[in-house]
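One letter stands for each residue in the lines below.
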Amino acid sequence: MKKIAVCYKWVLNDGDIRVNDKTRDLDFEKSKPQINEYDRNGLAVGVQLKEASGAELIGITCGVDTEPSAKDALSRGPDMVYYLNDPALAQADSAASSKVLAGMVRSLGDVDVVLCSECSSDDFAQQVGPRLGALLGYPVISYVSAVKLEGDALVMDRKLEEGTESVKVKAPVVVVVSPDVCEAPIPSVKQILGAKKKPANAMDLAGAGLGPDAVKPMVTVQSVKAPLTSRKAVNLLGDGESVADAVAKLVKQLSTDGLL
Amino acid sequence: MADYDAIVVGAGLSGSTAAYCMAKAGLSVLVLERGDAAGVKNVTGGRLYGHSLEKIIPGFASEAPVERKIVRERVTMMTEDSCFTADFHSASRFADPACASYSVLRAEFDAWLAGKAEEAGCDIVCPAHADELLEENGKITGVKAGDDELTAEVVLLADGVNSLLGQKAGLKKELSPHHVAVGAKEVIELPKGVINDRFGLNDGEGAANLFAGFASGGMVGGGFLYTNKESLCLGLVITVADMAKSSIRLPDLLEKFRDHPAVKPLVAGGKLVEYSAHLVPEGGLAMLPALSADNLLLLGDAAGFCMNLGYTVRGMDLAIASGQLAAETVVEAKGKGDFSNAALSGYKSKLEQSFVLKDMQTHKHAPDFIEHTPRMFKEYPALAADVFTQLFRVDGTPSKLMLKKALPLISKVGFLNLIKDGLKGTRAL
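**Notes on the overall build of chain B**
Then, number 1: The helix and strand tally for chain B stands at 16 helices and 19 strands.
Then, number 2: Taking 22 Å as the expected radius of gyration for a compact globule of 429 residues, we find that chain B reaches 23 Å, a close match to that expectation.
Then, number 3: Taking the principal axes of its C-alpha atoms as reference, chain B extends roughly 85 × 45 × 40 Å.
Then, number 4: Within the span of chain B, comprising 429 residues, buried residues form 48% of the whole.
Then, number 5: Taking the contacts inside chain B whose residues are at least 6 apart along the sequence as the reference set, 73% of them involve residues at least 24 apart.

**What to know about the pairing of strand E6 (residues 56–63) of chain A**
Residues and elements named next belong to chain A.
Then, number 1: Of all 8 residues in E6, 7 are buried; the element is thus mostly enclosed.
Then, number 2: The pairing of strand E1 (residues 3–7) with E6 spans 5 bridges and is parallel. Within E6, the residue paired with Cys 7 across the bridge is Ile 60.
Then, number 3: The pairing of E6 with strand E7 (residues 80–85) spans 6 bridges and is classified as parallel. Bridge pairing in E7 links Gly 59 to Val 81.

**Structural notes on the domain arrangement of chain A**
Then, number 1: When its domains are assigned, chain A resolves into domain 1 (3–215) and domain 2 (230–260).
Then, number 2: Placing a centre on the C-alpha atoms of domain 1 of chain A and another on those of domain 2 of chain A gives a separation of 51 Å.

**Brief notes about the packing of helix H1 (residues 13–24) of chain B against helix H3 (residues 106–119) of chain B**
Residue and element names in this part refer to chain B.
Then, number 1: Orientation of H1 relative to H3, taken along the N-to-C sense of each, is 20°, at an axis distance of 8 Å. By the angle between their directions, the pair H1 and H3 is classed as roughly parallel. Viewed along their axes, H1 and H3 form a crossing whose handedness is left-handed. From H1, Leu 13, Ser 16, Thr 17, Ala 19, Tyr 20 and Ala 23 reach across to H3, where they touch Asp 110, Leu 113, Ala 114, Lys 116 and Ala 117.

**A closer look at the domain arrangement of chain B**
Frequently, the measure chosen for interface size is the accessible area removed from exposure when the parts meet.
Residue and element names in this part refer to chain B.
Then, number 1: Domain assignment breaks chain B into domain 1 (4–66 + 104–175 + 284–362), domain 2 (180–281) and domain 3 (369–428).
Then, number 2: Using C-alpha coordinates to define each centre, domain 1 is positioned 28 Å away from domain 2.
Then, number 3: Domain 1 puts 14 residues into the contact, and the matching count from domain 2 is 19 residues.
Then, number 4: In terms of residue class, the side of domain 1 that touches domain 2 is built from 7 nonpolar, 5 polar and 2 charged.

**A word on the nonpolar core**
One broad rule of soluble globular proteins: the nonpolar side chains tend to lie buried together.
Then, number 1: A:Val114, A:Val175 and B:Leu156 are the most contacted members of the largest nonpolar core, which totals 193 residues.
Then, number 2: With 10 residues, the single largest contributor to this core is helix H9 (residues 316–336) of chain B.
Then, number 3: Once residues within four sequence positions are removed from consideration, A:Val175 is found in contact with A:Val113, A:Leu115, A:Ile141, A:Val144, A:Val147, A:Leu154 and A:Met156.

**Details of the packing of H9(B) against helix H11 (residues 346–353) of chain B**
Residues and elements named next belong to chain B.
Then, number 1: Viewed as axis vectors pointing N to C, H9 and H11 meet at an angle of 140°, and their least axial separation amounts to 9 Å. One finds that H9 runs oblique with respect to H11. When the axes of H9 and H11 are compared, the crossing they make is right-handed. Counted together, Ser 322, Leu 325, Ala 326, Glu 328, Thr 329 and Glu 332 of H9 and Gly 346, Tyr 347, Lys 350 and Leu 351 of H11 form the full contact between these two elements.
Then, number 2: For the contact of H9 with H11, the residue count by class is 4 nonpolar, 3 polar and 3 charged.

**Here we look at the sheet that holds E6(A)**
All names here are of chain A.
Then, number 1: Ordered by their spatial adjacency, 9 strands build an open sheet running E11-E10-E9-E12-E8-E1-E6-E7-E13, and the pairing between neighbours is mixed. A single partner strand is all that each edge strand has here, and the edge strands are strand E11 (164–170) and strand E13 (200–203). Here the average twist between neighbouring strands, direction ignored, is 35°.
Then, number 2: As paired elements, strand E8 (residues 113–117) and strand E12 (residues 173–177) share 5 bridges and run parallel to each other.

**Some remarks on unusual backbone geometry**
Then, number 1: Of note, the amide linkage connecting A:Ala171 to A:Pro172 takes the cis form, showing an omega dihedral of 0°.
Then, number 2: In this fold, A:Pro172 is placed in the loop between E11 and E12.
Then, number 3: The phi dihedral of B:Asn137 falls on the positive side, at around 50°, and the residue is not glycine.
Then, number 4: Looking at the secondary structure, you find B:Asn137 in the loop between strand E8 (132–136) and strand E9 (139–145).

Rules used in this analysis
Residues numbered from 1 in each chain as written. Chains lettered and ligands numbered in written order. Predicted model: local features only at pLDDT ≥ 70, side-chain atom pairs only at ≥ 80, totals over all residues. Helix = DSSP H or I, 4+ residues; strand = E, 2+ residues; numbered from the N terminus. Rg over C-alpha atoms; globule rule 2.2 N^0.38 Å. Buried ≥ 20, exposed ≤ 12 C-beta atoms within 10 Å, placed from the backbone. Contact = placed C-beta atoms within 7 Å. Pairing = 2+ DSSP bridges. Domains from an automatic or database assignment. Axes fitted to C-alpha atoms, helices over the stretch in contact; angles between N-to-C directions. Parallel < 35°, antiparallel > 145°, perpendicular 65-115°, else oblique. Left-handed = near helix turned anticlockwise from the far one by under 90°. Nonpolar A, V, L, I, M, F, W, Y, C, P; charged D, E, K, R; others polar. Core = buried A, V, L, I, M, F, W, Y, C linked by C-beta atoms within 7 Å.

Written as C-alpha cells, this is what we have:
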C-alpha cells in the first residue's frame, strides 16, 4: 500500500447558522468554514492506515475557496493536501463534487485507498463515496465501523441493520467510514505548528484531467428554508382553574386531535 | 536552544499587542489561545480608549473592526421609577485619535489584532490550552500544552483575570471576592438608523451610558449601555462579594434593568443575539501582583490592570500598553541575553513611568471608596430623584423656594454624609 487519499469537505459551521424569523431564510454571516466533522473521522482513519502501512497520506478537497482548509487538514495528519477551487463549485451537487474528486484522485496516480465519510454536514446527500467508486472503478465498502490492515488487504467491519459484516478487500478500494469508526483527535499545538511546513498544492480542473463540464451540477437548488415548528399554544390551566378540569380538557383536546 | 524567544499565553489585547511588538522587533514568538479563535472567550462592556493602540498602530481605527466612535457620554443615577442623567455630547472634543474611544466587540476586534500579530510573523495556535509552565532546575523554560512541551526564553502570561498559571507560578494569589466583579451583558440587535435616532447620533458616532443605583440592585456596581454599529451592549458589573450575598441572580437583575421604564424604550424591538459573562479585576493597586519573575511576565487582566471610577471604566487601553511595555522589556532582555527577574524588572519601572501604574496610583483609593460608600448606590440616586421630582412636579399646591424643597430631602441622607462622601469621592475619583 503506497498511497492513500482522504477526501474532506470545507463546510460552514452549522452551529452558527441563524434563521430569519420572518422569511425562514438561512443567514450564514456568522458561520465560519471548518472541516466537515464527519470527514475528521476519515482523516483519523487515514492516519491509522498510514502508520500501519507506511503509505503516503494525501488530503484532497474541492470547492470555491478551500485554500484556508489546508492548514487545518494538514494538522490532522496528511503528508500533503491538494485543493481545487472553481467558482462553479458554489452550486456543486454530489455528482459534480464526485467528478472533481475522482479526477483529482486519478491525477495523483495509483491511489490504493480512497477514504470518505458518510456525509457532509451541509448537504447530507451521502453520495460522494459510492459515486467515487463508480467513477474510479473501485469497489466501495460503506458503513465501515472498523478498519485493520492485514498484509496488503483491508479487513473492515460494516455496521448493518441485521448485524456486523466483516469484509476483506484488496486495494484499490473506496472506504466510506461511519462516525463511530474511531475518535477524531483534536490536533495538538505541535501538529498545528507542523502543518505550516507541509505542502498545500493547488490543482485546477485541467490538472485533474477535467473540462468545465465536470463542475456542472445535475441538481439545482431552488431554495433552502428553515423548517417551521408550529405550536397550538392552548392554555389548559388558566387562572383559578382546577387541575382536574384541566386534565379533562387535555384528554378532550387529545382525542379531538386523534392522538388517543 | 529554545523553540521560541517568547511564548505568549492568551491572544487577548495584551497578549496580541506584546506578540505583535516582539515580532516586529524580530523575535520569534508563539501565541497560545484557548479559544477557537482570538476574542471568542473575551468580554468587554463595550469601550476601548484608543490612545495606547494609536501609539503602536497609528490610525488603527480606520482598519480595525471598531463599532462606533463615542461622542456622547452619559452617567445616570437610577431608582426603580426614575433616572437622573448627566449627558455630555461633543463630536469635536473627542475627534483627535489621541483621545478618541470606540465601542468594540471583542470577537471581531481581538481576531483583528491577533491577525496583525500573525502578519508580523508570530505563530498563533488556537485552540491551544497552556496547562502548565515548564520548569528545569527551578527555571521556567516554556509551557506544556496537552502532551506538547514548547520551550522559550521567556513566557508572557496574558491569560486573563484568573491567570491560573500566574497563581501556580506564585506571582499572584487567588482572587479575593472584594477585588473582582462579575459582569454580564446582552448584545441586542437593532437597525443602524434606529440606534442613531434613539441616541441622537450620526452614522459612525456612538454613545456610552453608565448607570448607578437601581441597575445594580443597590449593590456595589452598576449598569452600562454602549452603542455598536447595529447593536447595543447592555449589562451589569457587580462586585463578587456583594453578588455572593444577594438573593437575586445576576441574569434576573439584568432583566429588571432591561425592563426599567427608561431603558426599555431604548432596546425596544431589539433582538437578543448574544449573552456573555466575565470576571472583572477591580481591586486596583491593592491586588497588584508581582509583575515579573525569572523568565516570566504578567500582562493585562492577569496583572489586574483595570480601573473603574464609576464615570469611566478602563482596562483594554491598560492591557494594550502593558503588552507593549512587556514586549519592550523582552526585546531589551534578548539584547542582553538575560531573562532573569533582575533583567525583566524593568517592566515594572516602565509601567510606573507610563499612564498604566500612574493612573492606578492616582486613583488608588477609588476601589475602596466605591466599595465603602454604599450611599452611592442607594441613597444618592433616591435623593436625586426626590430633588428633581420636587423641582419639576407642579400639582397646584403652594410652591416653595428651591432651597426649602431640597433641604429636608438632603437632611434625610445627612448633610455630613453628603459633604464627607463628596470630599472623599472627589479625592478618590
